[in-house]
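One-letter residues, chain by chain:
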Amino acid sequence: MGAAAEVDPAYFQDPEHRPKLAIAVIHGLPVIDLAKALSSPTPADLSKTVSDIRDACRDWGFFQVVNHGVDAAVRERVEAAARWFFAFPLEEKRKVRRDEVNPLGYYDVEHTKNVRDWKEVFDYSSTGPIEIPASGDPLDDAVLEMINQWPENPPEFKEACEEYGRQTEKLAFKLLELIALSLGLGADRLKGFFEKETSFVRLNHYPPCPVPHLALGVGRHKDAGALTVLAQDEVGGLEVKRKADGEWIAVQPIPNAYIINVGDIIQVWSNAEYESAEHRVIVNPEKDRISIPLFFNPAHYTMVEPLEELISDERPSKYKAYNWGKFFSTRKRSNLKKLDVENIQIDHFKVEG
């Protein structure tokens with residue numbers, strides 16, 4: 001009996017979306033050094049960093065950053081804690097299982113584009129409870145609190161996760177400033193949207209997969225939020241769809257670098273000046289993999305629409321306003337189970353014309 005016969009077909013991608021196993025590993029993504037931008041940059045230094053970010057956001061929607069200010073030891077601690085947690089028996093991990101009422105905690109049956117992902121995850125907030133709408137219904141004003149569920153073991157898990165969250169949040173706010181400047185806005189133009197942020201950190205574990213030609217760790221998708229700050233280990237697996245030709249490009253891990261991508265919200269705020277890029281995660285037949293994204297998201301009551309400074313007669317608004325919390329709430333629930341339809345996308349809010 002072959003390996004495919006022993007794997008639940010719920011993991012199998014449709015033939016057109018299955019990964020090519022022999023994809024070239026290319027140092028394609030721009031690598032941006034933040035050392036000067038994080039100290040006291042001269043106007044010329046700041047201008048160079050902002051220009052590099054503008055080019056990366058326009059051409060790729062993705063880039064890597066080095067000298068970013070996040071302590072390498074903090075990252076190593078959270079990666080070690082994640083490996084320890086995911087090595088526990090399933091019944092132990094499911095003591096902190098997430099559900100539709102509280103989508104923070106452990107989960108092992110997530111779907112992307114209605115196909116099951118080959119992974120298990122643990123989600124947490126580094127900023128305390130998160131308020132989100134109780135449903136996607138526009139007429140429902142009820143709000144839910146997403147509350148962290150911490151496992152008893154490993155004992156240092158909570159502290160390692162919280163410190164990692166604090167440091168990557170600080171980096172995310174700095175990147176938000178640089179992206180605002182790259183759009184010709186004031187550095188603090190976007191900061192106010194994040195006063196009651198709905199950001200969360202995810203620990204991803206991708207076990208070895210016997211059918212890497214049929215399954216994906218995460219199927220093709222775009223990130224719905226504002227920014228993603230991703231740490232991936234030395235195994236790699238992230239692939240980005242290159243805008244120039246639609247080819248899937250493997251992102252080679254750079255030690256202690258972070259991979260940054262603009263999400264759908266920045267695409268809308270920028271009035272499509274920047275575009276959220278499609279990406280996916282391939283799986284390895286022999287090695288397991290850890291990755292840790294911070295999904296940096298605004299307050300649930302944020303109405304997402306193109307910023308007025310970026311609308312003109314020559315460049316009219318390309319999107320209708322939508323409520324981030326309702327969008328987030330609907331997407332969160334659709335990832336928990338398989339639906340008969342594709343989940344909500346920002347294309348549903350495009351202005352026809």
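Residues numbered from 1 in each chain as written. Predicted model: local features only at pLDDT ≥ 70, side-chain atom pairs only at ≥ 80, totals over all residues. Heavy atoms only, no water.

S.K.: In this structure, what is going on with the overall build of the chain? I would like to understand it.
M.R.: Check the secondary structure of the chain and you find seven helices and 19 strands. Counting all 353 residues of the chain, 52% fall into the buried class. Taking contacts inside the chain between residues at least 6 apart in sequence as the whole, the part at least 24 apart equals 80%. By element, 51% of the accessible surface of the chain is carried by carbon and sulfur atoms, the whole surface being about 15700 Å². (Helix = DSSP H or I, 4+ residues; strand = E, 2+ residues; numbered from the N terminus. Buried < 20%, exposed > 50% of the residue type's maximum accessible area, 1.4 Å probe, protein only. Contact = heavy atoms within 4.5 Å. Areas by Shrake-Rupley, 256 points an atom, 1.4 Å probe, with all protein chains shown as cover.)

S.K.: So what exactly am I meant to see when it comes to the environment of Leu176 here?
M.R.: As for its position among the elements, Leu176 is in helix H5 (residues 157-182). Sequence separation between Leu176 and Val262 is 86 residues; the distance between their C-alpha atoms is 9.8 Å. Setting aside residues up to four positions removed in sequence, Leu176 forms contacts with Leu190, Lys191, Phe194, Leu227 and Phe296.

S.K.: What exactly am I supposed to notice about the packing of helix H3 (residues 72-86) against H5 here?
M.R.: Two quantities define a packed helix pair, namely the angle between the axes and the distance from one axis to the other. In the contact formed by H3 and H5, the axes pass within 9 Å of each other and the chain directions differ by 140°. Judged by the inter-axis angle, H3 sits oblique to H5. As H3 runs across H5, the sense of the crossing is left-handed. Here H3 contributes Val74, Arg75, Arg77, Val78, Ala81, Ala82 and Phe85 to the contact with H5, which in turn contributes Phe157, Ala160, Cys161, Glu163, Tyr164 and Gln167. Partitioned by chemical class, the residues of the contact of H3 with H5 number nine nonpolar, one polar and three charged. (Axes fitted to C-alpha atoms, helices over the stretch in contact; angles between N-to-C directions. Parallel < 35°, antiparallel > 145°, perpendicular 65-115°, else oblique. Left-handed = near helix turned anticlockwise from the far one by under 90°. Nonpolar A, V, L, I, M, F, W, Y, C, P; charged D, E, K, R; others polar.)

S.K.: Is there a simple way to explain the pairing of strand S7 (residues 120-124) in this structure?
M.R.: Remember that side chains alternate between the two faces of the sheet whenever the strand is regular. In terms of burial, S7 is largely enclosed, as five of its five residues are buried. As paired elements, strand S4 (residues 105-107) and S7 share three bridges and run antiparallel to each other. Counterpart to Gly105 in the pairing with S7 is Asp123. Bridging between S7 and strand S10 (residues 200-206) involves five bridges; their strand directions are antiparallel. Within the sheet, the bridge partner assigned to Tyr124 lies in S10 and is Val201. (Pairing = 2+ DSSP bridges.)

S.K.: Would you take a moment to explain the pairing of strand S17 (residues 289-296) for this structure?
M.R.: For S17, the tally of buried residues reaches eight of eight residues, placing the bulk of the element in the interior. Covered by surrounding structure in S17 are Arg289, Ser291, Pro293 and Phe295 together with Ile290, Ile292, Leu294 and Phe296, the residues of both alternating faces. Relative to S17, S10 runs antiparallel, the two sharing five bridges. Bridging from a neighbouring strand, Phe200 pairs with Phe295 of S17.

S.K.: What is the right way to look at the sheet that holds S4 in this model?
M.R.: Each strand in a sheet pairs with its neighbour through backbone hydrogen bonds, running either in the same direction (parallel) or in the opposite one (antiparallel). Ordered by their spatial adjacency, eight strands build an open sheet running S2-S3-S15-S12-S17-S10-S7-S4, and the pairing between neighbours is mixed. Looking at which strands have only one partner, the edges of the open sheet turn out to be strand S2 (31-33) and S4. Across this sheet, the average inter-strand angle for adjacent strands is 25°, counted without regard to direction. Across four bridges, strand S12 (residues 227-232) lies against strand S15 (residues 258-262) in antiparallel orientation. Paired with Val229 across the bridge in S15 is Ile260. Relative to S2, helix H2 (residues 43-59) is tilted by about 160°, and along the sheet it contacts S2, strand S3 (62-66) and S15.

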